[in-house]
Amino acid sequence: MNAFFETNLGIVILTLLESLALIVPLLIGVAYLTYFERRVMGAIQLRRGPNIVGPFGLWQPFADALKMLFKETIIPAGADRLLFIMAPMITFGLAVVAWAVIPVNNHWAVANINVGVLYLFAISSLGVYGIIIAGWASNSKYAFLGALRSAAQMVSYEVSMGFIIVTVLVCVGSLNLNDIVLAQRHLWLAIPLFPLFIIFFISGLAETNRAPFDLAEGESEIVAGFFVEYSAMSFALFFLGEYANMILISGMTTTLFLGGWLSPIPFAPFTLIPGVFWFLFKVLICLFVFVWVRATLPRLRYDQLMALGWKVFLPISLVYLVAVAGVMEYFGWLPNV
Amino acid sequence: MIANLAFYLFSFILLASAVMVVTSRNPVHAVLFLILAFVNASILFLLAGAEFLAFILAIVYVGAVAVLFLFVVMMLDVDFAAWREGFQRYAPIGALVALVLFAELAIVMAGWTVAPAASYARMFPTPANETNTVALGSLIYTSYLPLFQLSGMILLVAMIGAIVLTHRDRKRAKTQNLAQQHARKPEDTLVMVPAKLNEGAVLPEKEAL
């Protein structure tokens, strides 16, 4: 059997199976993240949240999915049909594809490539295309305004995210995500790089267009922003893409700063628990913070958003990078490559 | 075999989308084809074993430069049909320029010889058992550090130049002073007025505020 998986056909089949084993739980996770968000927001706002469909409302995501499936897809008259249909596919496809390199346990990644961080960064920087194409192809002013806002916002926050990732790389000495997690055996990078950890998470909120940075949607001024013209499954794909991106950013935060699949308590009964559990646990905590922030903070004004990205986060992350590199060089702590 | 097939597939897509960049009527479509060409170039880098360059190309060109490009083209709303009006008149001059450029390239290429030792090294872009990220890093940050720093300085100067050229001080625009806003306290603007039942509140005088 092992010999079969080393032939060309075997590798293809094995990769397909691995992808399936990743994508199916991811999609179920995305479905239940919507439920989780609504329940947690309900609890925070002293409401009940969805609790009618099935026990504790657990079938709610499937009911929503069925409703979306049976609705009519409407394409606006002046729209660029092909791009209009492609945009949600791009958003959702990129959100799923990025998961290929995230290790959920030691060497448990579909592709354990040696430039994993760059791959993640490249894919997340492509995410803006789904939004900007959707905004333009809809031929609607609200959608276009939303797309422009979102494009400028994502490009701005990527810069400081890039510097933070570089700082992590200086500490670890490898671009491989598996190595990055293993380098945190003794000390999570969130502790020495605490300010960067916070900035990374906030930039992640901006990168996924989540509250308080959800100006791309901005219900109160531009209706629903870039997906105002979308309906039925094309809308659902945007929705799923946004939530998959949230899980992805949480996964990135976990991998880069919170020690990935490693147990937070490094002795016997806790290290015996499989790493996948710890990974999911940490991702869930990050996702809870995503929801918590959305239920707590009001939306920023656009100029505040830009000022925060360029005048606060960028200088801090740049100076921190230089400082970390200087300290590590001075004390000879730089990792051997 | 599979690598060869993949190479021909992606180079075909690259060339086809490059042609589409020039020929498509809609400028936004042209930019999107340009992005497709960038992505395919990055895949070709991957096939050649230069994974660092591949992803840097994707991040810098596709993720940042092309986004801003697309941004501008979408906002400009250029009527490209009007631009093409004088095509027949200017075609001979264009062809002449293209011919000169092509001839120059041909002369340079014909005169370019590669030393035998170098042509051997060209087959192995990175030293064995070293990833090309490490190889590039140790080259750029040791042997070519001054050049690397210099190119950084040139980019910085270009950036400052662009900002100086486009920046204008808007005298009449309303700006906000963040420090001033943060220094505001509730007492400065807010007065609590106790309201009696069935009587309502009596508003204080304007000066009291």
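Remember, it's a predicted structure, so these values are computed and weren't measured experimentally. (Residues numbered from 1 in each chain as written. Chains lettered and ligands numbered in written order. Predicted model: local features only at pLDDT ≥ 70, side-chain atom pairs only at ≥ 80, totals over all residues.)

Quick word on the overall build of chain A
Within chain A one finds twelve helices and zero strands. Overall, chain A shows an N-to-C arrangement of helices and strands of α-α-α-α-α-α-α-α-α-α-α-α. Taking 2.2 N^0.38 as the reference for a compact globule, 337 residues should give roughly 20 Å; the C-alpha atoms of chain A span a radius of gyration of 21 Å, in line with that estimate. Structurally, chain A occupies a C-alpha span of about 65 × 55 × 45 Å along its principal axes. Counting the 337 residues in chain A, one finds 44% classified as buried. Look at the contacts in chain A between residues 6 or more apart in sequence, and 78% of them connect residues 24 or more apart. (Helix = DSSP H or I, 4+ residues; strand = E, 2+ residues; numbered from the N terminus. Rg over C-alpha atoms; globule rule 2.2 N^0.38 Å. Buried ≥ 20, exposed ≤ 12 C-beta atoms within 10 Å, placed from the backbone. Contact = placed C-beta atoms within 7 Å.)

Some words on the interface of chain B and chain A
Residue-level contacts link 17 residues of chain B with 18 residues of chain A. Elements with a minimum of two residues in the side of chain B that touches chain A: helix 3 (51-76) and helix 7 (132-143) of chain B. At twelve residues, the largest contribution of residues to the side of chain B that touches chain A is made by helix 3 of chain B. For the side of chain B that touches chain A, the class distribution of residues is 13 nonpolar, three polar and one charged. (Nonpolar A, V, L, I, M, F, W, Y, C, P; charged D, E, K, R; others polar.)

Details of the domain arrangement of chain B
Domain assignment breaks chain B into domain 1 (1-83) and domain 2 (126-159). Computed from C-alpha coordinates alone, the two centres of domain 1 of chain B and domain 2 of chain B are separated by 25 Å. (Domains from an automatic or database assignment.)

What to know about helix 1 (residues 8-44) of chain A
Side chains that are three or four residues apart share a direction in an α-helix, a result of its 3.6 residues per turn. All names here are of chain A. The end-to-end C-alpha distance of helix 1, which contains 37 residues, comes to 52 Å, matching closely the 54 Å that a straight helix rising 1.5 Å per residue would cover. Restricting attention to buried positions, one finds in helix 1 the residues Val30, Leu33, Tyr35, Arg38 and Arg39. Against the buried residues of helix 1 lie helix 2 (60-69), helix 9 (232-257) and helix 11 (275-296). (Expected span 1.5 Å × (residues − 1).)

Details of the packing of helix 1 of chain A against helix 2 of chain A
All names here are of chain A. The contact between helix 1 and helix 2 brings their axes to 8 Å, and the two run at 110°. On the basis of the axis angle, helix 1 is roughly perpendicular to helix 2. Considering the relative orientation of helix 1 and helix 2, their crossing is right-handed. Judged by residue contacts, Ala31, Tyr32, Thr34 and Tyr35 of helix 1 engage Gln60, Pro61 and Ala65 from helix 2. For the contact of helix 1 with helix 2, the class distribution of residues is five nonpolar, two polar and no charged. (Axes fitted to C-alpha atoms, helices over the stretch in contact; angles between N-to-C directions. Parallel < 35°, antiparallel > 145°, perpendicular 65-115°, else oblique. Left-handed = near helix turned anticlockwise from the far one by under 90°.)

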